[in-house]
Amino acid sequence: MRSENANSDATATTRLPSLDLLRGFEAAARLLSFTRAGQELHLSQSAVSRQIQELEQQLGLTLFKRRHRALELTEAGREFYAAASKALAIMRDVVDGLRAQRGKRRLSVTTTHSFAALWLIPRLAGFTHDHPDVDVRISADTRIQDLERDGLDVGIRHWAASRAGADAVRLFGERVFPVCSPKLLKKTPLRQPADLRRHVLLQYDDPDGRHPWLHWKPWLEVEGLADLRPAGRLLFSGYEQIIPAAIAGHGVALGRTPLVRDLLAEGTLVAPFGHSGDSARASSATARAYFAIVAPRAAGRSEVEAFVTWLRNAAAREDLSS
């Protein structure tokens, strides 16, 4: 019997006031008027007064000093007002966020870290501006995710055309050429490819050779420099790490269009040997391109079609496929 009473007492002491009581108290404490609080909440002055009395009884505290034609918070009232106003503000923010999400259509997109960081995210505002009712969620991953199994709508893949499939939408091809920070050239010029022997090469760490288009070896072979020994090499586990290292002046990287296009345009990176000559063409992975692939279950959804159309138009504007 003693245990049941103890549980009952614990429940009573931990019971929180109702939301109506908190709203009435917060308004009265903020306005220091039961009358004005009632007007704000569309209640009578007496109804607000009864709410405050009930709240004080539940808490076992006096929250207001009731003076002639005036209200004043007690010390306990001031402390409780600070907590109540904060709690209500948090709840309002959450409710506003949930209401804003109501009716939004979700679109999940998977791609590599490098494509997401260097191309997709910098341009994504163009899509979300025109489609504010679409909630885009990007899943960047080094592994190739299964669209159906992982519940994803669109995949952006750097693949051979034979692997992409008949329904894939080709966005653009890719060229590979050396890029570096302009401040690096002030220290050690790069007038011809053979000058790379005096520089550190920023290299993708791929011991199994699974991504040969990211390696320096094919580019150097095309230039007749297969035996070139650079001043050093820095290895990275992701291409999205290599480009920031190049921007910081740590060495020379292999730039990939379209991923470095913006950085070249703004002068953050430079291509000392150009990026439109025969060597750039020869060193590119000619059989590979960027494709948009739609999950079968997502095909036909208006937001998916709009996103793929936006991708295609963005790629066409950059004219990167030639």
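Up top is the structure.
An account of the accompanying structure is given in this report. (Residues numbered from 1 in each chain as written. Predicted model: local features only at pLDDT ≥ 70, side-chain atom pairs only at ≥ 80, totals over all residues. Heavy atoms only, no water.)

### What to know about the environment of Val-48
Summarising the element assignment, Val-48 is placed in helix H4 (residues 45-59). C-alpha separation for the pair Val-48 and Asp-20, spaced 28 residues apart in sequence, amounts to 9.9 Å. With residues up to four places along the chain from it excluded, the contact list for Val-48 reads Gly-24, Ala-28, Phe-34, Ala-37, Gly-38 and Leu-43. (Helix = DSSP H or I, 4+ residues; strand = E, 2+ residues; numbered from the N terminus. Contact = heavy atoms within 4.5 Å.)

### Notes on helix H3 (residues 34-41)
When we look at burial in H3, the residues that qualify are Phe-34, Ala-37, Gly-38 and Leu-41. For H3, the buried positions fall inside an angular range of 100 degrees around the axis, keeping them on one side. Packed against the buried residues of H3 are helix H2 (19-31), H4, strand E1 (64-67) and strand E2 (70-73). Its side-chain oxygen placed 3.3 Å from the backbone nitrogen of Thr-35, Ser-33 serves as the N-cap of H3. Backbone geometry just downstream of H3 places His-42 in the positive-phi region, at approximately 60 degrees. (Buried < 20%, exposed > 50% of the residue type's maximum accessible area, 1.4 Å probe, protein only. Arc of directions from axis to C-beta. Polar contact = N/O pair within 3.5 Å; in protein donor to acceptor, adjacent residues only side chain to side chain.)

### Quick look at the pairing of strand E11 (residues 288-294)
With six of seven residues buried, E11 lies mostly within the body of the structure. Relative to E11, strand E5 (residues 154-160) runs antiparallel, the two being bridged by seven bridges. In the strand pairing of E11, Trp-159 is matched with Ala-289. Of the pairings in the sheet, the one linking strand E6 (residues 169-172) to E11 comprises three bridges and is antiparallel in character. Counted as the bridge partner of Val-169 is Ala-292 from E11. (Pairing = 2+ DSSP bridges.)

### Observations regarding the packing of aromatic side chains
Per the counting criterion, the structure on display carries 14 aromatic pairs. Seen from their ring centres, Trp-216 and Trp-219 are 6.0 Å apart, and the 85 degrees between their planes marks the pair as edge-to-face. Residue Trp-216 and its partner Trp-219 are both found in helix H9 (residues 216-222); the two are separated by three residues, about one turn of the helix. Overall, the relative accessible area of 1% leaves Trp-216 in the buried class. Three or more aromatic residues link up through ring pairs in this structure, and these residues are Phe-115, Trp-119, Phe-127, Phe-172, Tyr-290, Phe-307 and Trp-310. Between Arg-256 and the ring centre of Tyr-239, over which it is positioned, the NZ or CZ distance is 4.7 Å. (Phe/Tyr/Trp six-rings, centres within 6.5 Å; stacked < 30°, edge-to-face > 60°. Lys NZ or Arg CZ within 6 Å of the ring centre and 35° of its normal.)

### Looking at the pattern of salt bridges
A side chain of one charge can pair with a side chain of the opposite charge if their charged atoms are brought near each other. Evaluated as defined, the whole model comprises 14 salt bridges. A salt bridge links Arg-256 to Glu-174, with the shortest nitrogen-to-oxygen separation between them at 2.8 Å. Placement of Arg-256 in strand E10 (residues 253-257) and of Glu-174 in the loop between E6 and strand E7 (175-179) is noted, with a sequence separation of 82 residues between them. Like Arg-256, the residue Glu-174 is buried in the burial classification. A salt bridge links Glu-303 to Arg-301; its shortest N-O distance comes to 2.9 Å. (Salt bridge = Lys/Arg side-chain N within 4 Å of Asp/Glu carboxyl O.)

### With respect to the sheet that holds E6
Sheet architecture is open: five strands sit in the order E4-E3-E5-E11-E6, paired in mixed fashion. Here the strands that pair on one side only, and so sit at the sheet edges, are strand E4 (134-140) and E6. Strand-to-strand twist in this sheet, taken as the mean axis angle between neighbours without regard to direction, amounts to 30 degrees. Two elements, strand E3 (residues 105-111) and E4, share seven bridges in a ladder whose sense is parallel. Note on E4: the bridge partner recorded for Ser-108 is Arg-137. (Axes fitted to C-alpha atoms, helices over the stretch in contact; angles between N-to-C directions.)

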